[in-house]
Amino acid sequence: MGVDGECCSTHLIEGDGTFNASGLEHFMKEVKLSECGLSYAVVSIMGPQSSGKSTLLNHLFHTNFREMDAYRGRSQTTKGIWMARCAGIEPCTIVMDLEGTDGRERGEDDTAFEKQSALFALAVSDIVLINMWCHDIGREQAANKPLLKTVFQVMMRLFSPRKTTLMFVIRDKTKTPLENLEPVLREDIQKIWDSVPKPQAHKETPLSEFFNVEVVALSSYEEKEEQFREQVASLRQRFNQSIAPGGLAGDRRGVVPASGFSFSSQEIWRVIKENKDLDLPAHKVMVATVRCEEIANEKYSSFIANKDWTEVEEAVQSHPVPGFGKKLSSILDTCLSEYDAEATYFEDGVRSKKRKQLEEKLLQIVQPAYQSMLGHIRSRTLDKFKDAFDDALKGGQGFAVASRYSTKAFLKFFDEESADAIIKQANWDTAKVREKVQRDIDAHVAAVRTTKLSELTTTYEKKLSEALSAPVEALLDGASEDTWPSIRKLLQRESEAAVSGFSTALSGFEMDEQDKEKMLSSLEDHARGIVEGKAKEEAGRVLIRMKDRFTTLFSQDSDSMPRIWTEKEDIRAITKTARAASLKMLSVMSAIRLDDETDNIENTLALALVDSNSGSASNKAGSLDALASSTWEKVPASKTLITPVQCKSLWRQFKTETEYTVTQAIAAQEASKRNNNWLPPPWAIVAIILLGFNEFMTLLRNPLWLLVIFVGYLLTKALWVQLDISGEFRHGALPGLLSLSTKFLPTVMNLLKKLAEEGQVPTTSNNQRNPSLAAKSFPSGSSDISSSASSEVISSENGTEYSSSAVRDKTHVKDAVTLIFLDSIEACSRTRPTKVSHIKLGSREIEVELIC
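Quantities reported herein were computed from a predicted structural model and do not represent experimental measurements. (Residues numbered from 1 in each chain as written. Predicted model: local features only at pLDDT ≥ 70, side-chain atom pairs only at ≥ 80, totals over all residues. Heavy atoms only, no water.)

**Focus: the overall build of the protein**
Link 1 in the chain: Scanning the protein from N- to C-terminus turns up 27 helices and 13 strands.
Link 2 in the chain: Each of the 852 residues in the protein was classed as buried or not, and the buried ones make up 41%.
Link 3 in the chain: Restricting the contact set of the protein to residue pairs at least 6 apart, pairs at least 24 apart contribute 71%.
Link 4 in the chain: Roughly 46,700 Å² of accessible area belongs to the protein as shown, and the carbon and sulfur atoms make up 53% of that amount. (Helix = DSSP H or I, 4+ residues; strand = E, 2+ residues; numbered from the N terminus. Buried < 20%, exposed > 50% of the residue type's maximum accessible area, 1.4 Å probe, protein only. Contact = heavy atoms within 4.5 Å. Areas by Shrake-Rupley, 256 points an atom, 1.4 Å probe, with all protein chains shown as cover.)

Have a look at this one:
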């Protein structure tokens with residue numbers, strides 16, 4: 001070792017390959033390398049023997065490597081590898097001078113050490129200077145191409161990639177410009193790299209991943225020394241702060257701390273020396289690899305057969321296993337501990353690698369069970385969330401608050417449960433399963449939210465339907481000036497109430513304002529749709545409504561009592577009023593008026609259908625032309641319920657179907673006039689008096705005619721009652737005549753038969769059975785002959801019914817008694833008991849005692 005100023009050097013590797021460990025330790029203490037941390041650089045140089053490597057280093061780094069004496073001939077100067085510290089360069093830079101290649105002293109066996117030293121230099125150096133003569137560019141051996149090829153191949157196999165700078169220093173530059181030399185060198189290096197067989201891990205790795213290539217050219221030291229010195233001084237500047245960003249070694253990686261440089265260098269040289277052929281793994285590594293793999297396979301098999309593991313694996317398929325993580329962690333820990341105990345004496349790197357492989361294989365077996373356990377936790381979390389969420393909603397808690405708190409609580413529950421299932425040997429993340437749980441919860445919340453909102457919407461829509469349908473129908477049935485204003489007020493009132501309640505209910509969902517406004521607007525539209533739908537429904541029944549209104553107003557008076565069509569009733573005025581009301585209903589039903597806009601539908605209909613009836617022919621034609629359209633003025637088609645053309649058709653049909661009612665009323669009025677005018681005209685009365693004076697005087701002179709007339713009256717009255725003449729003519733003259741023609745003869749024969757039977761009774765019997773009529777009250781149930789007479793029918797014991805619409809009050813009792821007396825003659829002739837007959841006139845009863 002020699003010292004020159006700041007320069008300190010040592011013989012690192014002897015010529016026979018012996019590593020000078022003690023010398024390196026002393027060197028590190030001298031230059032205080034251990035204190036540098038990562039702030040140091042290593043530079044080495046390789047090249048052919050006697051190519052001026054040492055001379056270049058001494059001028060470039062101010063070292064004191066031994067140089068060849070040219071006057072003594074060209075021979076080997078540097079043996080092995082020398083190391084020195086560069087003087088005056090920061091950070092601390094260590095330079096190694098390698099033995100020249102292709103030297104005659106080593107002969108043909110020099111390739112082994114050349115390869116070893118070159119590989120060592122590349123493994124420990126940040127910058128490698130490759131010294132070469134300018135005239136050797138393009139040659140195979142002189143340019144160190146075979147050496148570089150071997151070094152590249154082995155370095156990739158034995159060492160992890162570290163960025164090394166290859167600086168090709170072209171010595172004794174000729175007139176050829178550097179711009180022409182540099183591409184040739186780079187192309188050669190790239191070809192060497194492409195031709196090198198690479199391990200699988202580095203099949204596609206580019207040259208730039210391992211090396212930075214730099215090319216510099218220097219003039220001849222012997223012929224142009226001054227120029228050489230200037231160029232070297234310029235190059236020296238590039239090595240100052242070489243490890244800084246942008247420096248020659250600015251992007252290096254995998255740097256060994258300075259305190260471990262000695263140990264690292266020894267291990268690298270040991271690995272290189274033990275691999276003499278540079279293509280076989282070390283024997284120790286091979287043995288460790290085989291044996292550790294055998295041990296790992298044994299432990300893998302024992303784990304599969306482990307009873308505790310199989311029980312856990314089977315159980316977790318069907319249900320969650322309490323303490324899952326602790327149980328499997330313990331089983332795995334036992335298996336790995338047994339491996340460590342048996343493989344402890346084998347090479348650390350191999351042992352650790354095989355242990356890691358065993359651990360990965362064991363975790364691959366365990367992972368499905370772990371996923372099953374997480375699946376159970378996920379399902380249980382979701383089920384519990386659903387129950388808790390439903391309970392919270394049933395308890396009156398707001399939807400958003402309930403979903404937020406429940407989600408937070410059960411995600412925490414999942415975290416706690418999954419933490420219990422964690423296997424400490426595995427670095428498995430439950431984030432994905434947690435995200436699935438989150439999605440499941442969110443999906444359930446969204447589904448419940450949709451259902452609740454739908455139920456809420458349906459509830460308020462139903463309330464609106466109940467609040468609007470019947471009232472709107474009633475208002476439309478009324479069909480007045482206030483119908484649509486009343487409907488608008490009703491719609492506004494009910495809509496505001498429903499929207500207010502709906503808005504309050506939605507506040508619990510914490511919805512976006514835009515969505516909330518959309519739902520409220522939809523509810524308002526629904527309310528409007530109910531009214532419009534009801535209006536359309538009622539418009540479809542407008543003809544029935546019009547006829548009902550006409551019939552009601554036409555057939556009933558102001559007190560809602562049925563009209564009696566006397567001559568006092570003005571049928572024309574009543575008809576006009578009823579039709580006007582029906583027309584009003586038609587105008588109300590013709591369009592939807594929810595926007596408080598005016599229209600002239602009513603006036604148009606009135607002019608066209610009512611006023612035109614009394615106008616001239618031209619006015620009538622002009623008015624009807626107003627209805628020859630499918631749209632109303634100022635009314636959009638969407639608001640039209642009945643078009644003008646349809647109104648015209650409906651009114652024509654309405655008039656046709658109500659014409660019969662008016663005709664019947666007129667007929668009834670005429671009949672009433674005839675019935676009420678029972679006296680003949682005055683001239684007829686005068687004529688009767690003048691012409692019947694003689695007959696009247698005859699009756700006064702012979703009273704017996706009065707008895708004859710009275711008996712004739714009784715017989716006529718009996719026939720009138722028996723034949724029910726007024727009832728028969730109630731349905732018309734012709735049907736009445738036909739019916740009377742069939743009943744007249746049997747009725748007369750029946751009366752004559754009764755008179756004949758009465759005439760055959762003995763006189764004594766007649767004297768004894770001469771009835772005496774006396775008005776007497778007696779208890780009900782004691783009578784044998786009972787008849788009741790109302791305003792229309794009088795009944796006797798033998799079932800004969802007498803129709804008598806003339807029996808109205810007590811003044812007509814005489815006639816009724818006569819009829820009953822005739823029916824009772826036969827009964828008195830056969831039986832002796834006292835007979836009592838009841839005559840009922842309306843609500844009054846008259847009791848007559850008949851004694852035979």
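**With respect to helix 10 (residues 324-342)**
Since the α-helix packs 3.6 residues into each turn, any two residues three or four apart lie on the same face.
Link 1 in the chain: With 19 residues, helix 10 ought to run about 27 Å at 1.5 Å a step, and its terminal C-alpha atoms sit 28 Å apart, in line with that.
Link 2 in the chain: Among all positions of helix 10, only Phe324, Gly325, Leu328, Ser329, Ile331, Leu332, Cys335, Leu336 and Tyr339 are buried. Seen along its axis, helix 10 keeps its buried residues to an arc of 165°; they face one direction. When the buried face of helix 10 is taken as reference, the exposed residues oriented beyond 90 degrees from it are Lys326 and Ala341. (Expected span 1.5 Å × (residues − 1). Arc of directions from axis to C-beta.)

**Details of the packing of helix 9 (residues 307-316) against helix 10**
When two helices pack together, their arrangement is given by the angle between their axes and by how far apart the axes lie.
Link 1 in the chain: Interhelical geometry of helix 9 versus helix 10 gives an angle of 150° and a closest axis separation of 10 Å. Classified by the angle between their axes, helix 9 and helix 10 sit roughly antiparallel to one another. Between helix 9 and helix 10 lies a crossing of left-handed hand. Of helix 10, the residues touching helix 9 (which contributes Asp308, Trp309, Val312 and Val316) are Phe324, Lys327, Leu328 and Ile331.
Link 2 in the chain: Residue composition of the contact of helix 9 with helix 10, by class: 6 nonpolar, no polar and 2 charged. (Axes fitted to C-alpha atoms, helices over the stretch in contact; angles between N-to-C directions. Parallel < 35°, antiparallel > 145°, perpendicular 65-115°, else oblique. Left-handed = near helix turned anticlockwise from the far one by under 90°. Nonpolar A, V, L, I, M, F, W, Y, C, P; charged D, E, K, R; others polar.)

**Let's talk about the packing of helix 2 (residues 53-61) against helix 6 (residues 225-239)**
Link 1 in the chain: It is the contact of helix 2 with helix 6, at a shortest axis distance of 8 Å, that shows an interaxial angle of 65°. It follows from the interaxial angle that helix 2 and helix 6 lie roughly perpendicular. In this structure, the crossing between helix 2 and helix 6 has a hand that is right-handed. Here Leu56, His59, Leu60 and Phe61 of helix 2 come into contact with helix 6, specifically with Phe228, Arg229, Val232, Leu235, Arg236 and Phe239.
Link 2 in the chain: Each residue belonging to the contact of helix 2 with helix 6 can be placed in one class, and the counts come to 7 nonpolar, 1 polar and 2 charged.

**Some remarks on the pairing of strand 8 (residues 211-217)**
Link 1 in the chain: The element strand 8 is largely enclosed, with a buried count of 6 among its 7 residues.
Link 2 in the chain: Bridging between strand 7 (residues 164-171) and strand 8 involves 7 bridges; their strand directions are parallel. Looking at the pairing, Val169 lines up with Val216 of strand 8.
Link 3 in the chain: In terms of handedness, the path from strand 7 via helix 5 (residues 178-195) over to strand 8 forms a crossover that is right-handed. (Pairing = 2+ DSSP bridges. Right-handed = clockwise from strand over helix to strand, strands pointing away.)

**A word on the nonpolar core**
Link 1 in the chain: Grouped together as the largest cluster of nonpolar side chains are 104 residues, with contacts concentrated most on Phe324 and Leu586.
Link 2 in the chain: Residues in contact with Phe324, not counting those within four places in the same chain, are Val312, Val316, Ala369, Tyr370, Met373, Asp420, Ala421 and Ile423.
Link 3 in the chain: In terms of nonpolar packing, the next biggest core, distinct from the first, is built from 53 residues, Leu24, Cys92, Leu119 and Phe120 among them. (Core = buried A, V, L, I, M, F, W, Y, C linked by side-chain atoms within 4.5 Å.)

**Digging into the pairing of strand 7**
Link 1 in the chain: Of all 8 residues in strand 7, 8 are buried, a share of seventy percent or more.
Link 2 in the chain: Residue alternation in strand 7 divides its side chains into two sets, Thr164, Leu166, Phe168 and Ile170 and Thr165, Met167, Val169 and Arg171, and both sets are buried.
Link 3 in the chain: Looking at chain direction, strand 6 (residues 127-133) and strand 7 are connected through 7 bridges and run parallel. In the sheet register, Asn131 faces strand 7, and the bridge partner there is Val169.

**Brief notes about the UniProt feature "binding site: GTP" (unreviewed entry) in the protein**
Link 1 in the chain: Residues annotated in UniProt with the feature "binding site: GTP" (unreviewed entry) correspond here to Gly47, Pro48, Gln49, Ser50, Ser51, Gly52, Lys53 and Ser54.
Link 2 in the chain: Among the structural elements, Gly52 can be located in the loop between strand 3 (40-46) and helix 2.
Link 3 in the chain: A relative accessible area of 22% places Gly52 in the partly exposed class.
Link 4 in the chain: Ignoring sequence-local partners within four residues, the contact set of Gly52 consists of Asn131 and Arg171.
Link 5 in the chain: By the element assignment, Lys53 lies in helix 2.
Link 6 in the chain: If sequence neighbours within four positions are ignored, Lys53 has contacts with Ile45, Met46, Gly47, Pro48, Asp97, Leu98, Glu99, Gly100, Asn131 and Arg171. (UniProt positions renumbered as here; feature names shortened; annotations may be inferred.)

**Details of helix 15 (residues 513-540)**
Link 1 in the chain: For helix 15, spanning 28 residues, the distance from its first C-alpha to its last is 40 Å, which sits close to the expected 40 Å at 1.5 Å a residue.
Link 2 in the chain: For helix 15, the set of buried residues is Lys516, Met519, Leu520, Leu523, Ala527, Ile530, Val531, Glu532, Lys534, Ala535, Glu538 and Ala539.
Link 3 in the chain: Against helix 13 (431-478), helix 14 (483-506), helix 16 (542-555) and helix 17 (571-589) lie the buried residues of helix 15.
Link 4 in the chain: Between the side-chain oxygen at the start of helix 15 and the backbone nitrogen of Gln514 there is a gap of 3.0 Å, and the oxygen is on Asp512. (Polar contact = N/O pair within 3.5 Å; in protein donor to acceptor, adjacent residues only side chain to side chain.)

**Describing the packing of aromatic side chains**
Each aromatic ring pair is specified by the distance between its two centres and by the angle formed by the two planes.
Link 1 in the chain: Inspection of every chain in the model, using the stated rule, returns 16 aromatic pairs.
Link 2 in the chain: Ring geometry for Tyr221 versus Phe228: centroids 5.1 Å apart, planes at 70°, classification edge-to-face.
Link 3 in the chain: According to the relative accessible area criterion, Tyr221 is partly exposed, its value standing at 25%.
Link 4 in the chain: Exposure remark for Phe228: the relative accessible area of 0% places this residue in the buried category.
Link 5 in the chain: Taken together, a centroid distance of 5.4 Å and an interplanar angle of 55° make the contact between Tyr460 and Phe502 tilted. In this pair, Tyr460 is assigned in helix 13 and Phe502 in helix 14, connecting sequence segments 42 residues apart. Comparing Tyr460 with Phe502, the two get one shared label, buried.
Link 6 in the chain: Aromatic rings pair up to connect Phe385, Phe389, Phe399, Phe410, Phe413 and Phe509 into one cluster.
Link 7 in the chain: In this structure, Arg404 is placed above the aromatic ring of Tyr405, and the distance from its NZ or CZ to the ring centre is 5.9 Å.
Link 8 in the chain: If you follow Lys463 out to its NZ or CZ, it ends over the ring of Tyr460, 4.8 Å from the centre. (Phe/Tyr/Trp six-rings, centres within 6.5 Å; stacked < 30°, edge-to-face > 60°. Lys NZ or Arg CZ within 6 Å of the ring centre and 35° of its normal.)

**A word on a negative patch on the surface**
Link 1 in the chain: On the surface, Glu496, Asp512, Glu513, Asp515, Glu517, Glu524 and Asp525 cluster together into a patch of negative charge.
Link 2 in the chain: Looking at which element gives the most residues to the negative patch, the answer is helix 15, with 5 residues.
Link 3 in the chain: Looking at where Asp512 falls in the secondary structure, it is placed in the loop between helix 14 and helix 15. (Patch = residues over 30% accessible without salt bridge, like charges linked within 9 Å, V, L, I, M, F, W, Y side chains within 5 Å. Salt bridge = Lys/Arg side-chain N within 4 Å of Asp/Glu carboxyl O. Lys, Arg positive; Asp, Glu negative; His and termini not counted. Charge placed at Lys NZ, Arg CZ, Asp CG, Glu CD.)

**Considerations on the pattern of salt bridges**
Link 1 in the chain: For the structure shown, the criterion picks out 30 salt bridges.
Link 2 in the chain: A salt bridge links Asp340 to Arg355; its shortest N-O distance comes to 2.7 Å. One end of the pair, Asp340, is in helix 10; the other, Arg355, is in helix 11 (residues 348-394), and 15 residues separate them in sequence.
Link 3 in the chain: On the accessibility criterion, Asp340 (27% relative accessible area) is partly exposed.
Link 4 in the chain: Across the salt bridge formed by Lys639 and Asp595, the nearest N and O atoms sit 2.6 Å from each other. With a gap of 44 residues between them, Lys639 in the loop between helix 19 (617-625) and helix 20 (644-676) and Asp595 in the loop between helix 17 and helix 18 (601-610) connect regions that are remote in the sequence.
Link 5 in the chain: Within the structure, one salt-bridge network assembled from shared partners comprises Glu473, Asp477, Lys534, Glu537, Glu538, Arg541 and Arg545.

**Some points on the environment of Gln722**
Link 1 in the chain: By the element assignment, Gln722 lies in helix 23 (residues 704-723).
Link 2 in the chain: On the basis of relative accessible area, Gln722 is assigned to the buried category, the value being 18%.
Link 3 in the chain: Placed 21 residues apart in sequence, Gln722 and Lys743 show a C-alpha to C-alpha distance of 9.2 Å.

**Concerning the side chain of Thr205**
Link 1 in the chain: Take Thr205: it is sitting in the loop between helix 5 and strand 8.
Link 2 in the chain: In this structure Thr205 comes out as buried when scored by relative accessible area, which is 14%.
Link 3 in the chain: Not counting residues up to four positions away in its chain, the partners in contact with Thr205 are Trp193, Lys198 and Phe210.

**Regarding the environment of Ser629**
Link 1 in the chain: With respect to the helices and strands, Ser629 occurs in the loop between helix 19 and helix 20.
Link 2 in the chain: By relative accessible area, Ser629 is classed as partly exposed at 24%.
Link 3 in the chain: Note: C-alpha distance between Ser629 and Thr643 (14 residues apart in sequence) is 7.4 Å.
Link 4 in the chain: The residues contacting Ser629, other than those within four sequence positions of it, are Thr643, Pro644 and Val645.

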